[in-house]
Amino acid sequence: MNFDLSEEQEMLQETVRQFLDNECPATTLREIFDGEVGFDPALWKGMAEMGLAGLHLPEEYGGAGLEVLDLALVSETLGYMAAPGPFLGHALAGLAIACGGSDAQKSKWLPKLATGDALATVALAEEGGAWLPDQWSVPAGASLSGSKKHVIFADHADLIVVGTAGGGLALVERDAKGLEIKPIDSADRTRRLCEVILADTPAEALPDGEVAATRLRDAALVLLAADAFGGATRLVEMSVEYAKTREQFGVTIGHFQALKHQLANMAVEIEPSRGLYWYAAHALDHVRDEAERTAAIAKAHITDRYMQIARDAVEAHGGIGFTWECDVQIWFKRAMFDRAFLGNPALHRERAATMAGW
Amino acid sequence: MDLSYGEELEGYRDEVAKFLNASWPLKGDEAKLGWEEQAVRFRERAIEGGFLCRNIPKQYGGSEQEPDVLKAQIIREEFGKAHAPMEPRGIGTMMLVPTLLERGSEWQKEKFVPATIRGDLAWCQGYSEPGSGSDLASLKTRGELVNGEWVINGQKIWTSGAQSADYMFILVRTEPEAPKHAGISYLLVDMKQPGIDVRPLRQMTGGADFCEVFLTDVKTPEDWIVGKRGEGWLVSRTTLKHERNSIGSTQQTRALFSGLVQLAKERNIDGKPAIQNADIRQRLAALEGYVKAHQYAGYRTLTKDAKGESPGTITMMNKIISTNIGHDIARLAIDLLGEDGLLDAGGSGMAAMMSGGHERWISHYMYSLGIAVAGGTANIQRNVIGERGLGLPRDAAAERSSK
Ligand SMILES: Cc1cc2nc3c(=O)[nH]c(=O)nc-3n(C[C@H](O)[C@H](O)[C@H](O)COP(=O)(O)OP(=O)(O)OC[C@H]3O[C@@H](n4cnc5c(N)ncnc54)[C@H](O)[C@@H]3O)c2cc1C
């Protein structure tokens, strides 16, 4: 019985954190956040060089052969640092191909994805909050027509894994005929979204697309939960730090019990869920019969906590907390993203209820 | 990360299961005894086998095993499955015994520990006073050394189980000139003596589990002090630590939650099982998020303990987390009871009208509040988390009054 991280896993988190401390300090984060494109190729290249692009891909294709838990640990650290970039979509696309692709598809794409030489993303959502495989309606086939929403950095992707009717997946390449990509203004400016329109666009289905799509969904839920845990933890730390420095009535505001209790409540809301996302991630590779439901609960629970903590953090900072200039808003918007992406908490709670046979 | 216990520990699990198979429930003539008597005999054998009272030395009636949190967990799991009795759950075994083992003198351990873990001695905790609750260190009950014995005068309140206790462990002020925390001593007192007047207090639940205790020239021998004069505050901290751990158990929370799910299956809303109601499903699933987070935080704590590493701030949070979950479960349960929530739990109330024990939810609705107060209120927990956990400055008023 060892419900804890290995030394290698702790080191992985530490390395990613140090890299971002150096390569994406607050000023850089702010530039990217405020910038027009929101995509920093050098930063992503650096992350890929550290092995983050292929962490979970099989070693025979140049990946590191690690598990969903390791991806989730990276996700926590990225959430903690509010790291801008395409990690989430890229990781999920690779995971789907590794799980459901043909040998030819794997050989063609995974080595490039593992090094980061090619960037991939996933196109899941359709009009009306249709996020999940059984809700997809773009008809499967040798060419696809329809439109997909909320595709992370589709405008920079070489490859898009598209969800199709019946819960399958298909690959669409960057310059494919009839593919139109429209960047849209998204609240979270660290993970920009696009609309993807397909008009008779050539596509190649993944042979085991249905299995891959459910794994993709569950892994995505876990990665969002992990990101939320990291982000919420950071917001508690930022708010506590602020309470130790900001003075009113002649003392630091952390002296005031009302604020102290708010901060304690924020900590109590988030700290216990570390183990919840760990377990959900671990289950995806080791406790298959619990994986789907635990992922749903983890996503609903932790992203809900993140959103509330983000609201509390704004309040704890007073007027400055409400400004564009204050960094809290960056995490606040990531919380909005984590909560809404792939469906709100209510959707996943209802799924959890159904899966329990309630 | 590896959630299996490994070969060696699974071997140990088999050993525990084999013991239980042979020993619980009791067989032959012994099976006809009452549950309590059966439990006493079973516990003796379980101690002999090294399964209970593991951290208590053999000379004090324990089984003196190498500390091993994983084995302890396996024992809890297997005993739970077999519905076999664990150590008696009184305040004596949970709070006094660990304190005596850590701070008591040799004769105190010999006299009190074996009898307490056998369940022969019942204890009560005399800390709170009418004027001293959260600010416990302001307590006023006096202890004076007169002709080689302590003479105690004052009043305690909210003393759980005082009406049936053999002894009390009590905090009294022995050094009135010293600063507040340094003037307190920790004494053991025989409850069966003149000068002790126990008056049960009726709780909102209708029962009377706690009491007022008036002490007038109550006597206790000079050496019935635990630790030195003026060290009582420190000694009492050992006890409170144990109380927090015992309240923060994730297993109780999970059991309560599965009871709630069961309740939702048995109750109806609009003529259909409540579990099919969209709002109830949302609330149950939302609650389960907290329950599961608490559960896995428990796994992590267990692992950290086993490795001898600190689990961090989570240890300070367990009481408030389980209290919060208990409140949420209570609120949902009372909604599920609907109009039956108008009834009292006992008498001609709900117990009489319903089968299936649903009346316990009416009691739980109220008891969950008692738990929030007993052993340090939620606000006091938040102070601890804020100050010791997050490193925020100490409360100005508390700072002043501790001088
Ligand atoms: C069911 C039950 C069983 C109990 N059993 C025992 C027992 O066996 N032995 C025993 O000695 N005691 C026992 N107690 C007493 C318990 O420990 C006290 O009730 C508790 O410590 C609170 O003290 P109080 O009742 O004086 O409330 P107070 O301290 O007066 O608190 C009243 C309110 O003020 C708040 N408050 C007080 N100080 C602060 C502060 N500094 N900051 C913010 N808020 C504050 C509290 O949080 C609370 O909400 C029991 C209580 C209950 C409910």
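All values derive from a computational prediction rather than experimental measurement. (Residues numbered from 1 in each chain as written. Chains lettered and ligands numbered in written order. Predicted model: local features only at pLDDT ≥ 70, side-chain atom pairs only at ≥ 80, totals over all residues. Heavy atoms only, no water.)

1. Thoughts on the overall build of chain B
Next, step 1: Looking only at helices and strands, chain B features 13 helices and 10 strands.
Next, step 2: Over its C-alpha trace chain B gives a radius of gyration of 23 Å, about what one expects of a compact globule, namely 22 Å for 403 residues.
Next, step 3: By principal-axis analysis of the C-alpha atoms, chain B measures approximately 70 × 50 × 45 Å.
Next, step 4: In chain B, buried positions account for 46% of the 403 residues.
Next, step 5: Surface exposure of chain B reaches about 18,900 Å², of which carbon and sulfur atoms provide 51%. (Helix = DSSP H or I, 4+ residues; strand = E, 2+ residues; numbered from the N terminus. Rg over C-alpha atoms; globule rule 2.2 N^0.38 Å. Buried < 20%, exposed > 50% of the residue type's maximum accessible area, 1.4 Å probe, protein only. Areas by Shrake-Rupley, 256 points an atom, 1.4 Å probe, with all protein chains shown as cover.)

2. Brief notes about the overall build of chain A
Next, step 1: Counting its regular elements, chain A contains 12 helices and nine strands.
Next, step 2: Expected size for 358 residues packed as a compact globule is a radius of gyration near 21 Å; at 20 Å, chain A falls within 12% of this value.
Next, step 3: For chain A, the C-alpha atoms occupy an extent of roughly 70 × 45 × 40 Å along the three principal directions.
Next, step 4: Classification of the 358 residues of chain A by burial places 61% in the buried group.
Next, step 5: Partitioning the contacts of chain A with sequence separation of at least 6, the portion at a separation of at least 24 is 75%.
Next, step 6: For chain A, the accessible surface area stands at approximately 13,300 Å², while carbon and sulfur atoms represent 50% of it.
Next, step 7: Charged side chains in chain A number 31 positive and 52 negative. The centres of these two groups are separated by 5 Å. (Contact = heavy atoms within 4.5 Å. Lys, Arg positive; Asp, Glu negative; His and termini not counted. Charge placed at Lys NZ, Arg CZ, Asp CG, Glu CD.)

3. A few points about the environment of A:H286
Next, step 1: Among the secondary structure elements, A:H286 is positioned in helix α9 (residues 273-286).
Next, step 2: When its relative accessible area of 45% is taken as the criterion, A:H286 is described as partly exposed.

4. A look at the domain arrangement of chain B
Next, step 1: Each assigned domain of chain B is listed here: domain 1 (6-81), domain 2 (123-236) and domain 3 (248-401).
Next, step 2: In this structure, domain 1 of chain B and domain 2 of chain B have C-alpha centres spaced 35 Å apart. (Domains from an automatic or database assignment.)

5. A word on the sheet that holds strand β4 (residues 168-173) of chain A
Consider a sheet: its strands pair through backbone hydrogen bonds, and that pairing is either parallel or antiparallel.
All names here are of chain A.
Next, step 1: Spatially, β1-β3-β4-β7 is the arrangement adopted by the four strands of the open sheet, whose pairing is mixed. With one partner strand each, in any of the chains shown, β1 (120-123) and β7 (204-205) form the two edges of the open sheet.
Next, step 2: Note that β1 and strand β3 (residues 159-164) share four bridges and pair parallel. Within β3, the position partnered with V122 by the bridge is V161.
Next, step 3: Along the sheet, helix α6 (residues 103-115) makes contact with β1, β3, β4 and β7, crossing β4 at roughly 65 degrees. (Pairing = 2+ DSSP bridges. Axes fitted to C-alpha atoms, helices over the stretch in contact; angles between N-to-C directions.)

6. Some remarks on the packing of aromatic side chains
All names here are of chain B.
Next, step 1: Taken as a whole and assessed by the stated rule, the structure comprises 28 aromatic pairs over all chains.
Next, step 2: When the centroid spacing of 6.3 Å and the interplanar angle of 45 degrees are considered together, the rings of W123 and F169 count as tilted. Remark: F169 occurs in strand β4 (residues 167-173) and W123 occurs in strand β1 (residues 123-126); sequence separation between them is 46 residues.
Next, step 3: A network of ring pairs unites the aromatic residues W107, F112, W123, Y127, Y167, F169, Y186 and W224 as a single cluster.
Next, step 4: Over the ring of Y5 we find R13; its NZ or CZ atom is 5.0 Å from the centre of that ring.
Next, step 5: In this arrangement the basic side chain of K71 is found over the ring face of Y12, its NZ or CZ atom lying 4.7 Å from the centre. (Phe/Tyr/Trp six-rings, centres within 6.5 Å; stacked < 30°, edge-to-face > 60°. Lys NZ or Arg CZ within 6 Å of the ring centre and 35° of its normal.)

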